Amino acid sequence: MNRSLNKKKFESVIKVVYHFLRVCVVVLYVLLGLLVVTSIVFPFISEGLFDFNLANLDNIDIQTGSILYEVRGIITFTGIVNVKWLLSLLFVVLTLNLVFFQFILIQLKKIITDVYNKIPFSDKNIKRLKYMGIAYLISSIVLPMVNGSLFVKVANTFNIFDATINFSINFQSVFIGLIILILAYVFEYGAALQEDIDLTV
């Protein structure tokens, strides 16, 4: 009785997670579509519309985490800069980040579907886990470089301070990638054991 109850709960949780991931995938597809359309239209917009008065930055504070930096009084902003190409770079950075998250979500959704269909140790799931692990390892190098280049461009465009890219690997992504790869090999081992049991029976 308890086992059937646990099975029901498990299936309910899997169903909720599946529908949540499905919604997330659709939302990300919409966002990516908007970014692509914007990127196509963007070059044809007049550069004059993107002139930004640096004096507007005097009333802006910068917050990172729980720390609030009061910019006013420390730096005097003067002049007008054109932010068109800065926004173009922002679109590229956002697109790359969204493509990475979309890839991960799609793989997760497929894995959850197979789990719900009672084939968690399928060869496809093992490959999906490996793809996710490799994607995280690649993102640990690529995304910090891309995101860092945007930060440098912002700092240099607005003359806040001179900035250069000090490349650093995202070790959190490396750790997640390695954990996922380990899980993939655990799944592979589980699939081999299941196959041996099936052959024995």
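Each value, and the rule that gives it
Residues numbered from 1 in each chain as written. Predicted model: local features only at pLDDT ≥ 70, side-chain atom pairs only at ≥ 80, totals over all residues. Heavy atoms only, no water. Helix = DSSP H or I, 4+ residues; strand = E, 2+ residues; numbered from the N terminus. Contact = heavy atoms within 4.5 Å. Areas by Shrake-Rupley, 256 points an atom, 1.4 Å probe, with all protein chains shown as cover. Expected span 1.5 Å × (residues − 1). Buried < 20%, exposed > 50% of the residue type's maximum accessible area, 1.4 Å probe, protein only. Core = buried A, V, L, I, M, F, W, Y, C linked by side-chain atoms within 4.5 Å. Salt bridge = Lys/Arg side-chain N within 4 Å of Asp/Glu carboxyl O. pLDDT = per-residue confidence, 0-100. Patch = residues over 30% accessible without salt bridge, like charges linked within 9 Å, V, L, I, M, F, W, Y side chains within 5 Å. Phe/Tyr/Trp six-rings, centres within 6.5 Å; stacked < 30°, edge-to-face > 60°.

Residues and numbers for the overall build of the protein chain, please.
Of regular secondary structure, the protein chain possesses 4 helices and 4 strands. Element order for the protein chain, N to C, with α for helix and β for strand: α-β-β-β-β-α-α-α. Sequence-distant contacts, at least 24 apart, represent 77% of the contacts inside the protein chain between residues at least 6 apart. Surface summary for the protein chain: the accessible area is close to 13800 Å², and the carbon and sulfur share equals 68%.

Describe helix H2 (residues 84-116), with residues and values.
End to end, H2 covers 47 Å across 33 residues, agreeing with the expected 48 Å (1.5 Å per residue, within 8%). Phi for Lys118, located one or two positions after H2, is positive at around 65°.

Break down the environment of Val26 for me, citing the residues and quoting the values.
Inspection of the secondary structure assignment puts Val26 in helix H1 (residues 2-41). The class of Val26 is partly exposed, set by a relative accessible area of 47%. Sequence separation of Val26 and Gln102 is 76 residues, and the distance between their C-alpha atoms is 9.4 Å.

Let's hear about the nonpolar core: which residues, and what values?
If you look at the biggest cluster of nonpolar residues, it comprises 31 residues, and the most contacted ones within it are Phe100, Ile104 and Leu105. Looking at this core, the elements with two or more residues in it are H1, H2, helix H3 (123-157) and helix H4 (171-200). Looking at this core element by element, the count peaks at 11 residues for H2.

Residues and numbers for the pattern of salt bridges, please.
Applying the stated rule across the entire model yields 3 salt bridges. With a shortest N-O distance of 3.4 Å, Lys118 and Glu11 are connected by a salt bridge. Of this pair, Lys118 sits in the loop between H2 and H3 while Glu11 sits in helix H1, and the two are 107 residues apart along the sequence.

Residue-level account of the confidence of the model for the protein chain, with values.
When pLDDT is averaged along the protein chain, the result is 80; 76% of the residues meet or exceed 70. The weakest mean pLDDT in the protein chain belongs to strand E2 (residues 62-64) at 56; the strongest belongs to H2 at 89.

Could you give me a rundown of a nonpolar patch on the surface, with the residues and numbers involved?
Taken together, the side chains of Ile134, Ile138, Ile141, Val142, Met145, Ile169 and Phe171 make up a nonpolar region of the molecular surface, amounting to roughly 630 Å² of accessible area. At 5 residues, H3 tops the list of elements feeding residues into the nonpolar patch. Looking at where Met145 falls in the secondary structure, it is placed in helix H3.

Could you give me a rundown of the packing of aromatic side chains, with the residues and numbers involved?
Tallied over the entire structure, the rule returns 3 aromatic pairs. Ring centres 5.1 Å apart and planes at 90° place the aromatic pair Phe100 and Tyr136 in the edge-to-face group. Of this pair, Phe100 sits in helix H2 while Tyr136 sits in helix H3; the two residues are 36 residues apart in sequence, bridging distant segments of the chain. Accessibility expressed as a relative area gives 11% for Phe100, which makes it buried. Grouped by ring-pair contacts, the aromatic residues Phe100, Phe101 and Tyr136 constitute a single cluster.

For the side chain of Asn97, give the residues involved together with the corresponding values.
With respect to the helices, strands and loops of the structure, Asn97 is situated in helix H2. Aside from chain neighbours lying at most four places away, what touches Asn97 is Leu143 and Asn147.

Account for the side chain of Asn125, with residues named and values stated.
As for its placement among the helices and strands, Asn125 is situated in helix H3. The class of Asn125 is buried, set by a relative accessible area of 0%. For Asn125, the residues in contact, after removing those within four places along its chain, are Lys110, Ile111, Asp114, Ile119 and Pro120.

Could you give an account of the environment of Gly133, with specific residues and numbers?
Along the chain, Gly133 falls in helix H3. A C-alpha to C-alpha distance of 9.2 Å links Gly133 and Ser173, two positions 40 residues apart in sequence. Setting aside chain neighbours within four positions, we find Gly133 in contact with Gly177, Ile180 and Leu181.

I'd like to hear about the environment of Val27, residue by residue, with values.
With respect to the element layout, Val27 can be found in helix H1. In the structure, Val27 is positioned 75 residues away from Gln102 in sequence and 9.6 Å away in space, judged by C-alpha atoms.

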